[in-house]
Each structure stands twice: as C-alpha cells, then as structure tokens.
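Descriptive structure summary
Next come the chains, spelled out residue by residue.
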Amino acid sequence: MLKYIFLLITLPILLNANKCTVDTKIMYSILLNESYSKKTVGYKYIISFNNPKDAKIVRKTELRPLFLNSRNLDCKNEKICVNILKELIRNNITNLDLGPYQINYFFHKLDRYSDYFNLKSSYLYACSYVDDMINKHGYNWYAIASYHSQTPDKNQKYRDKLIENYKGIK
C-alpha cells in the first residue's frame, strides 16, 4: 500500500505532469490496470502479445526464457525491448501492447520505439489519448476506459476494474 501512495504522490513530479491535463489519480488507475500483476506497478519492460498465435510462434524462439506467461514477455531493459520490437515488426507481428501503459503498437505509433518503454513518454502519450477520449465522449468512466477499448463489453470490463482501482487509491 505504501508503494502505491509513494507512486501516486511522486508520479506527477517524476513525469512533469503539468503537461498532462487528466487527473493523476485517473492516470495512476490506468497504470494499475495495465501493470503486469507480478511486477512492480509501472514496470517498463513488458511486451504483451494480443494474438495468441503470434505469442506461440515467438515462444518457440530464443526469446522463450523471457516469457512470464503465455502472452507477456519481460524484455529486461530498453535496449533489448527496442531490438525485440524491431524484430517483431520485421516479422509482421504488430498487435502488441508495450511498456508500462501497454500502448498498442498497431494502433498507436510513438515517435521512437524507446518511447513505449519509457515511463514519462508513455505516460504523456497515454494522458493525451485519454484527454482525446474525454473530448470525444465527455468526462465519464466510459471515456476514460476507452483508453483500453471503445467496444462496449471490453470497455465495461476495463471500466469496472478501473473504478475499483480508483476507489482503492487514498
């Protein structure tokens, strides 16, 4: 619990949050939703495969030891993450959620590959996207959960977890 309080207080300072117009508590709730449960909240070096067939193919390579489970790979550091991402893209594997905010590469192209695995860059991009969703749908939980999906059933599931996380932050 203490690490959550520390992160919530320090996140805006560490990330120069004055560039983010979305409430810090909401952004932290999204970070909680997106974090791999067996790693520290905000762990940066995760590549998640959204297509199980892609993950299965990659698990048959020398990357197998980096897999945490059937869909999540711990790429250990920024340089390795970027190299793996480049190789996946070369092999047309692009439906990937990347970094601490699990930004989907297929739908969201950041300036540099390393930005996906950088907490500040991914935070600012995620904030901008949430802000866009709020501008599109109004300031409500549907808009905020649209960070994950605008498909009603997927949005509702994400929204429920998001609200639960939000209420748990002191």
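As a starting point, this report considers the structure included with it. (Residues numbered from 1 in each chain as written. Predicted model: local features only at pLDDT ≥ 70, side-chain atom pairs only at ≥ 80, totals over all residues. Heavy atoms only, no water.)

Another point: the pattern of salt bridges. One pass over the full model with this rule turns up five salt bridges. In this structure, Glu87 engages Arg90 in a salt bridge whose closest nitrogen and oxygen atoms are separated by 2.9 Å. With Glu87 and Arg90 both in helix α4 (residues 78-90), this residue pair falls three residues apart, about one helical turn. Look at Glu87 and you get partly exposed, because its relative accessible area is 39%. (Salt bridge = Lys/Arg side-chain N within 4 Å of Asp/Glu carboxyl O. Helix = DSSP H or I, 4+ residues; strand = E, 2+ residues; numbered from the N terminus. Buried < 20%, exposed > 50% of the residue type's maximum accessible area, 1.4 Å probe, protein only.)

Moving on to the layout of surface pockets. Taken as a whole, the largest pocket spans an internal volume of roughly 950 Å³. Lining the largest pocket are 31 residues, with Glu34, Asn50, Asp97, His148 and Tyr158 sitting closest to its centre. Within the residue set of the lining of the largest pocket, elements represented by two or more residues are α2 (24-34), β1 (46-49), β4 (103-104), α5 (119-137) and α7 (152-168). Among the elements that take part in the lining of the largest pocket, α7 stands out by supplying five residues, more than any other. (1 Å grid on protein atoms, 1.4 Å probe; cavity = no way out; pocket = protein on both sides within 12 Å on 5 of 7 lines; lining within 4 Å. Points joined across faces, edges and corners; volume = space filled by probe spheres on them.)

In this section: the side chain of Asn33. Within the secondary structure layout, Asn33 lies in helix α2. Setting aside residues up to four positions removed in sequence, Asn33 forms contacts with Tyr158, Lys161, Leu162 and Asn165. (Contact = heavy atoms within 4.5 Å.)

A word on the state of the cysteines. For the coordinates displayed, the defined rule picks out two disulfides. One disulfide bridge connects Cys20 with Cys127, the sulfur atoms lying 1.9 Å from each other. Note on the Cys20 and Cys127 pair: the S-S dihedral is about 95°, so by sign convention the disulfide is right-handed. Of the two residues, Cys20 sits in the loop between α1 (2-14) and α2 while Cys127 sits in helix α5, which places them 107 residues apart along the sequence. Cys127 gets classed as buried once you look at its relative accessible area, which sits at 3%. (Disulfide = S-S within 2.5 Å.)

A separate point is unusual backbone geometry. Residues other than glycine seldom take positive phi values, yet Lys76 does so here, at roughly 75°. In this structure, Gln102 takes a positive phi of about 45° despite not being glycine. Residue Gln102 is classed as buried on the basis of its relative accessible area of 9%.

With that settled, consider the packing of aromatic side chains. Overall, the coordinates contain eight aromatic pairs when judged by the stated rule. Both rings, one in Phe49 and one in Phe67, keep their centres 5.6 Å apart while their planes meet at 25°; by these two values the pair is stacked. Taken as a pair, Phe49 in strand β1 and Phe67 in the loop between α3 (52-59) and β2 (72-74) lie far apart in primary sequence, 18 residues in all. The class for Phe49 is buried, based on a relative accessible area of 2%. Here Phe67 falls in the buried class, since its relative accessible area comes to 12%. An aromatic cluster is present here, built from Tyr105, Tyr113 and Tyr116 joined pairwise through their rings. Taking NZ or CZ as reference, Lys25 lies 4.4 Å from the ring centre of Tyr166, over its face. Sitting above the plane of the Tyr43 ring, Lys39 keeps its charged end 4.8 Å from the centroid. (Phe/Tyr/Trp six-rings, centres within 6.5 Å; stacked < 30°, edge-to-face > 60°. Lys NZ or Arg CZ within 6 Å of the ring centre and 35° of its normal.)

What follows covers the sheet that holds strand β3 (residues 96-98). The strand order across the open sheet built from four strands is β2-β1-β3-β4, with neighbouring strands paired in antiparallel fashion. Bordering the open sheet on either side are β2 and β4, each of which pairs with just one other strand. Two strands pair when backbone bridges link them, and β3 and β4 are joined in this way by two bridges, in the antiparallel orientation. Within the sheet, the bridge partner assigned to Asp97 lies in β4 and is Asn104. Against the sheet, α4 touches β1, β2 and β3, its axis set at about 25° to β1. (Pairing = 2+ DSSP bridges. Axes fitted to C-alpha atoms, helices over the stretch in contact; angles between N-to-C directions.)

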